[in-house]
Amino acid sequence: MERTRVSEALRTPSQPPPGGSIKKDDRYEPVIGLEIHVQLATATKMFCGCELSFGEPPNTRTCAVCLGLPGSLPVANARAVHFGLMIGLALGSELAPRSIFHRKNYFYPDLPKGYQISQYDEPLCRGGRLGEVRIHRVHLEEDAAKLIHVGSSGRIHGSEDSIVDFNRGGTPLAEIVTEPDLRSPEQAGEWLRLLRSTLRALGVSDVNMEEGSLRCDANISLRAAGGGRLGVKTELKNMNSFRFIERGIRAEMERQEQILRGGGEVVQETLHFDPASGAITSLRSKEEAHDYRYFPEPDLLPVAIDQQMIDAARADMSELPADRAQRYQRELGLSADSAQALSSRAALGDFFEAALAAGAPPAQREPAPPAQTLANWVAVELASRLEDGRGAGGDPSHSRVTPQALARLVAMVAAKRVSVGAARQVLDTLLAEGGDPEAIVQARGLAAIDGGEELAAVVAAALAANADAAQRVREGNAKAIGPIVGAVMRETRGRADGAEVSRLINEQLGIT
Amino acid sequence: MSEPHELTAAQAVEAIAAGSLSAAELFDAYHARAAADRAAGEGGLNCFTWVAGEAPSRAGMRVGESRRPESFRKPDAFAGTALHGVPLAVKDLFCTEGAPSQSGSRILAGYQPPYTATVVARLRRAGTPLLAKTNQDEFAMGSSTENSAFGPTLNPWDRERVPGGSSGGSAAAVAAGLAPWALGTDTGGSIRQPAALCGIVGLKPTYGAVSRYGMIAFASSLDQAGPLTRDVTDAALLLGHMVGRDPCDATSLGFPHEILAPSAERLDGLRLGVPEELSGEGIEAGVLDAFAAALAGAEALGARIEPVRLPHAAHALSAYYVIAPAEASSNLARFDGVRYGLRAADAEELIDMYTRTRHDGFGAEVKRRIMLGTYVLSSGYYDAYYGRAQRVRTKIAEDFRAAFAHVDLLVTPTAPSVAFRLGEKTADPLSMYLNDFCTVPMSLAGIPAISIPCGLSEGLPVGLQLAGPAFSENRILDAAYALEQSLGFDGAHARV
């Protein structure tokens with residue numbers, strides 16, 4: 001579905017190339033692969049005992065090893081290997097019984113040893129799949145330090161001074177490389193969200209793009225729509241939000257298409273997307289590409305994985321978002337949207353399941369709320385209220401609403417004992433003060449008004465007070481009913497059932 | 001009683017334990033001798049780059065005022081320790097907090113590390129205070145100690161000759177009686193060859209037996225620390241306090257058994273293999289004569305001498321000069337002027353700063369090996385050079401395994417010649433590299449080997465090398481001890 005949309009977007013009118021080798025209705029489709037760097041949430045760095053840094057003063061989380069002092073040696077972090085295995089298992093990768101670290105050699109001030117310890121031709125995990133995207137490999141490596149350029153340019157060229165903060169240097173990274181299976185910026189963004197929720201559910205990373213614990217590069221090329229030979233690819237570096245990734249990929253697609261339609265050739269190079277200006281600039285072309293002189297790191301032993309380590313990794317894995325969404329659809333009959341909303345954030349899903357288990361208290365006359373209704377209340381009503389700052393970082397378990405209370409409230413809604421509008425007010429109260437929804441309804445007089453005499457009288461009064469609107473409704477303008485319903489709701493303080501109010505209005509106006 | 005410096009380290013340990021000598025007295029005696037060599041400048045042997053008590057910042061300049069380390073000011077600071085305060089000279093490339101650690105290089109001139117190498121810290125805890133840092137070839141690249149930013153060290157047997165290298169400062173200091181014992185490192189022969197050329201004992205342990213943490217790296221898969229001592233007993237004593245697993249060195253291994261004081265008097269039943277490839281062609285006649293005499297001595301002690309083959313040994317030097325420079329080119333990348341050591345002052349921008357710093361900071365041999373190593377790792381050449389060298393290395397290890405199926409130990413001359421003249425080989429790197437051709441195969445295989453003096457040729461010492469399977473140090477030490485007793489080599493000639 002995404003495929004069509006992008007192809008449409010690409011069908012922008014443009015000049016046919018000289019020679020007319022591309023027909024007017026020819027379209028391009030993008031071929032996109034991602035490389036994702038995930039900072040692992042270990043206690044200490046990849047190859048030394050320094051604690052990971054979270055904004056401490058510069059160069060306070062460093063030692064001889066992560067500063068690359070003469071004589072120091074790396075020792076691999078077993079916890080990082082454990083997390084790497086969990087990622088591999090989650091992505092269905094093949095876990096290498098033996099993998100090795102390589103040195104990737106190049107000079108830069110953020111790289112204290114003059115080489116990065118990474119993995120090369122024998123990575124920890126190979127292959128796998130997440131959703132519709134195949135995984136090429138997952139490997140472990142160390143992060144570089146942070147360079148700060150003092151001066152007007154903000155870049156290393158033309159800066160007056162460059163200072164290095166080694167706190168980040170040596171932070172463990174898992175690099176996840178996909179096959180080029182993505183076909184649109186939106187699909188890339190969507191898939192990356194799935195990856196992020198998967199990593200979050202594993203608990204192996206903070207997966208915060210703004211803070212850099214999840215970073216994404218994209219390899220992009222264009223080819224004739226529907227298949228054909230792959231074009232020359234470019235690499236778009238380090239986009240630090242989902243929005244920028246989608247915008248960056250789109251901008252690069254447009255740039256490449258312009259080149260191709262102009263009869264030019266795309267040059268293989270590394271590019272930078274500036275989200276502020278939307279501009280794409282070249283970082284380095286292939287001609288100046290580094291020869292990294294990879295060779296096996298002689299200071300480290302091969303990483304040998306045994307069944308015990310795999311079992312330990314598996315034991316630490318909770319249910320993954322994709323599995324949970326499937327379960328919700330299959331076993332509870334939830335809609336795809338609800339299932340995804342509840343599974344992409346484990347905290348919401350957990351709360352939903354607790355509420356579902358609580359059901360309705362036995363003392364109540366109504367049955368347990370239907371799963372889909374409860375899902376809507378958790379994924380929409382509760383989630384949106386938590387988003388706007390009322391709840392504990394979006395985690396409902398840290399709010400004042402208990403799963404039992406929500407289940408009770410939704411059961412009342414389902415039994416029409418409380419209108420949806422009134423129930424929203426009860427939820428606001430629950431979030432602010434906690435408590436029992438039944439008691440809140442009683443205390444505030446929010447119980448639904450049945451469709452009896454009382455409501456009929458309120459409707460009649462509202463019709464009288466809104467004679468103009470009533471006349472328009474009679475004349476067939478269905479939308480004019482709004483102000484009348486509004487008046488009834490005001491009068492009943494939202495306690496009336498909207499559908500019943502509409503029915504009564506139409507009845508009293510003689511419309512059937 | 002004899003002068004303190006005439007005692008071997010083990011004898012000094014005993015004398016202090018018995019109360020006939022104080023640790024402070026011993027330290028002062030050695031300190032005076034070491035400081036005198038340092039003060040003599042070009043008139044001395046130039047064994048040291050720093051002597052205890054010097055302000056670290058004055059490294060490479062002149063002798064300071066105070067003498068004893070802080071710990072000596074407390075009475076009985078080393079009482080109760082195993083080594084009773086017998087001081088230790090340490091090769092410059094070991095990181096030692098409070099003392100310069102420069103690896104013989106201008107790029108690290110005056111560099112003071114904030115931590116101490118594991119093996120030095122272990123030995124200090126065992127009771128060996130730091131006496132001095134010793135001169136070496138820059139980053140351990142060389143076989144003559146002429147490639148030092150701090151000038152060449154001279155051979156105490158003949159001051160016109162080199163002491164060997166790269167641990168030449170340590171070897172010369174022990175031979176000259178300026179230190180009771182010393183630490184060196186061996187990558188392709190850097191302990192054994194200078195020990196041979198200076199008439200002392202030098203042991204390269206099994207790779208992984210001694211922690212490399214805090215050793216400024218030359219070639220990580222080959223570097224190994226070891227003792228340079230006056231006799232085999234001292235070597236065993238020092239080694240016993242060096243070995244052991246270090247959590248900071250992933251390649252270190254727990255030594256499977258205790259290192260024992262050697263005591264064998266006979267070699268009955270010991271099968272000694274003489275590899276054809278390392279005991280004939282390319283070796284000086286005088287060295288071969290001393291070697292043959294030593295073999296006869298071993299037979300007289302009951303050993304069986306058997307010829308063995310190491311078919312791939314002829315390729316060892318070629319493989320070594322691919323692998324070691326490759327690792328070195330990467331290990332030395334950190335000397336970039338950004339964080340420590342030399343930084344070129346007037347650089348225009350980053351690349352210029354890197355280039356000038358490394359141009360000014362590294363000597364010719366280091367540059368040669370960085371270029372060689374960079375080349376062999378380059379894309380398109382990796383398989384032809386580095387890949388092939390690693391395969392040769394595997395073959396050599398297999399050669400040794402096959403040989404040790406038939407014999408207990410291997411025996412060869414340590415170096416193809418006696419000490420050569422200063423400057424004799426500096427213009428021809430290849431002839432310098434050939435110095436290591438008897439020692440490099442053991443380094444590539446990671447197996448232990450010792451060099452002991454086995455006689456004189458032209459009045460200069462000749463070394464004999466004994467090598468065994470991984471972790472066979474006790475057997476090697478025992479055989480070396482029995483031979484040492486029967487050969488009766490007298491190294492006192494070299495004492496200053």
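What you are looking at is a predicted structure, and each value in this text was computed from that prediction instead of being measured.

### Points about the overall build of chain B
Now for step 1: Secondary structure summary: chain B contains 14 helices and 11 strands in total.
Now for step 2: Dimensions along the principal axes, computed over C-alpha positions, put chain B at roughly 65 × 65 × 45 Å.
Now for step 3: Split into buried and exposed, the 496 residues of chain B put 62% on the buried side.
Now for step 4: In chain B, 75% of the contacts between residues at least 6 apart in sequence involve partners at least 24 apart.

### Some points on the overall build of chain A
Now for step 1: Within chain A, the regular secondary structure consists of 16 helices and 17 strands.
Now for step 2: Within chain A, buried positions represent 41% of all 512 residues.
Now for step 3: Counting contacts in chain A only where the partners sit at least 6 residues apart, residues at least 24 apart contribute 69% of the total.

### Quick notes on the nonpolar core
Now for step 1: Formed by 233 residues in total, the largest nonpolar core has its most connected members in A173, A179, A182, L409, L466 and A480 of chain B.
Now for step 2: With 10 residues, helix α8 (residues 316-331) of chain B is the single largest residue contributor to this core.
Now for step 3: One finds A407, L446, V458 and I505 of chain A within the second-largest nonpolar core, a separate group that totals 50 residues.

### Looking at the sheet that holds strand β16 (residues 295-296) of chain A
Now for step 1: Spatially, β5-β4-β16 (chain A) is the arrangement adopted by the 3 strands of the open sheet, whose pairing is antiparallel. Edge strands, defined here as strands with exactly one partner in the open sheet, are β5 (115-119) and β16 of chain A.

### Quick word on the packing of helix α2 (residues 78-90) of chain A against helix α5 (residues 307-315) of chain A
Residues and elements named next belong to chain A.
Now for step 1: Contact geometry of α2 with α5 gives a least axis separation of 9 Å together with a crossing angle of 70°. When the axes of α2 and α5 are compared, the pair comes out roughly perpendicular. Side by side, α2 and α5 meet where H82, L85, M86 and L89 of the first sit next to M309, I310, A312, A313 and R314 of the second.
Now for step 2: Residues of the contact of α2 with α5, tallied by class, amount to 7 nonpolar, 1 polar and 1 charged.

### Let's talk about the domain arrangement of chain B
All names here are of chain B.
Now for step 1: Split into domains, chain B comes out as domain 1 (4-269 + 411-494) and domain 2 (314-386).
Now for step 2: Between the C-alpha centres of domain 1 and domain 2 there is a distance of 27 Å.
Now for step 3: For the side of domain 1 that touches domain 2, the secondary structure elements donating two or more residues are α12 (429-433) and α13 (440-445).
Now for step 4: Here the side of domain 1 that touches domain 2 is built from residues that sort into 17 nonpolar, 7 polar and 3 charged.

### Topic: unusual backbone geometry
Backbone phi values are negative for most residues with the exception of glycine, while trans is the configuration of most peptide bonds.
Now for step 1: Residues G165 of chain B and S166 of chain B are joined by a peptide bond in cis, for which omega reads 10°.
Now for step 2: Structurally, S166 of chain B can be placed in the loop between β3 (130-134) and α4 (168-175).

### Topic: the domain arrangement of chain A
Now for step 1: Taken domain by domain, chain A holds domain 1 (2-315), domain 2 (321-444) and domain 3 (453-508).
Now for step 2: When the residues that make up the side of domain 1 of chain A that touches domain 2 of chain A are grouped by side-chain class, the tally is 2 nonpolar, 3 polar and 2 charged.

### What about the environment of S279 of chain B?
Residues and elements named next belong to chain B.
Now for step 1: Along the chain, the position of S279 falls in the loop between β7 (271-275) and α7 (285-300).
Now for step 2: Of the residues examined, S279 has 21 C-beta atoms within 10 Å and is grouped as buried.
Now for step 3: For S279, the residues in contact, after removing those within four places along its chain, are V274, F291, T412 and P413.

### Some remarks on the environment of D181 of chain A
Now for step 1: Relative to the helices and strands, D181 of chain A is located in the loop between β11 (172-178) and α3 (185-202).
Now for step 2: Sequence-wise, D181 of chain A and I117 of chain A are 64 residues apart; in three dimensions their C-alpha atoms are separated by 28 Å.

### Some remarks on the sheet that holds strand β10 (residues 449-457) of chain B
All names here are of chain B.
Now for step 1: Strand order in the open sheet made by the 11 strands is β1-β3-β2-β4-β6-β5-β10-β11-β9-β7-β8, with mixed pairing throughout. In the strand order of this sheet, the two ends are held by β1 (48-51) and β8 (304-308), each with one partner. For this sheet, the mean inter-axis angle between neighbouring strands, taken without regard to orientation, is 30°.
Now for step 2: In this sheet, strand β4 (residues 181-186) lies alongside strand β2 (residues 88-91) in parallel orientation, the contact comprising 2 bridges. Of the residues in β4, the one forming a bridge with A89 is A182.
Now for step 3: This element, α4, spans β1, β2, β3, β4, β5 (201-204) and β6 (224-229) of the sheet and lies at about 155° to β4.

### Quick notes on α7 of chain B
Residue and element names in this part refer to chain B.
Now for step 1: Taking 1.5 Å of rise per residue, the 16 residues of α7 would be expected to cover 22 Å, and the 23 Å separating its terminal C-alpha atoms lies within 8% of that figure.
Now for step 2: Listed as buried for α7 are V287, A290, F291, A294 and A298. The buried residues of α7 occupy an angular sector of 100° when projected down its axis, which confines them to one face. Within α7, the exposed residues directed more than 90 degrees away from the buried face are A285, A296 and A300.
Now for step 3: G302 occupies a position one or two residues after α7 and carries a positive phi of about 110°.

### As for the pairing of strand β9 (residues 409-413) of chain B
Residue and element names in this part refer to chain B.
Now for step 1: Here β9 lies mainly inside the structure; 5 of its 5 residues are buried.
Now for step 2: Direction of pairing for β9 relative to strand β11 (residues 460-467): antiparallel, over a ladder of 4 bridges. Counterpart to T412 in the pairing with β11 is Q465.

Rules used throughout
- Numbering of residues begins from 1 in every chain and follows the order in which that chain's sequence is written.
- Each chain takes a letter, starting from A, and each ligand takes a number, starting from 1, following the order in which they are written.
- Given that this is a predicted model, residues contribute local features only at a pLDDT of at least 70 and side-chain atom pairs are listed and counted only at 80 or more, while totals for whole chains, interfaces and linings are drawn from all residues.
- The numbering of helices and of strands both runs from the N terminus, where a helix is a DSSP run of H or I of at least 4 residues and a strand a run of E of at least 2.
- Working definition of burial: number of other C-beta atoms within 10 Å of the residue's own, with buried at 20 or more, exposed at 12 or fewer, and partly exposed in between, all C-beta atoms being placed from the backbone.
- Residues are scored as being in contact if the C-beta atoms we place from backbone atoms lie within 7 Å.
- As used throughout, a nonpolar core is a set of buried Ala, Val, Leu, Ile, Met, Phe, Trp, Tyr and Cys residues joined through C-beta atoms within 7 Å of each other.
- Two strands pair under a simple rule: DSSP has to find at least two bridges between them.
- Angles shown run from 0 to 180 degrees and are taken between the N-to-C directions of axes, each axis being a line fitted to C-alpha atoms and, for helices, limited to the stretch in contact.
- Here is the rule for angles: anything less than 35 degrees is roughly parallel, anything more than 145 is roughly antiparallel, 65 through 115 is roughly perpendicular, and the remaining ranges are oblique.
- When residues are sorted by character, Ala, Val, Leu, Ile, Met, Phe, Trp, Tyr, Cys and Pro go into the nonpolar class, Asp, Glu, Lys and Arg into the charged class, and all the rest, Gly among them, into the polar class.
- For the domains described, the bounds stem from an automatic or database domain assignment.
- In this analysis, the expected span of each helix is defined as 1.5 Å times one less than the number of residues it contains.
- Relevant arc is that of directions from the helix axis to the C-beta atoms, nothing else.

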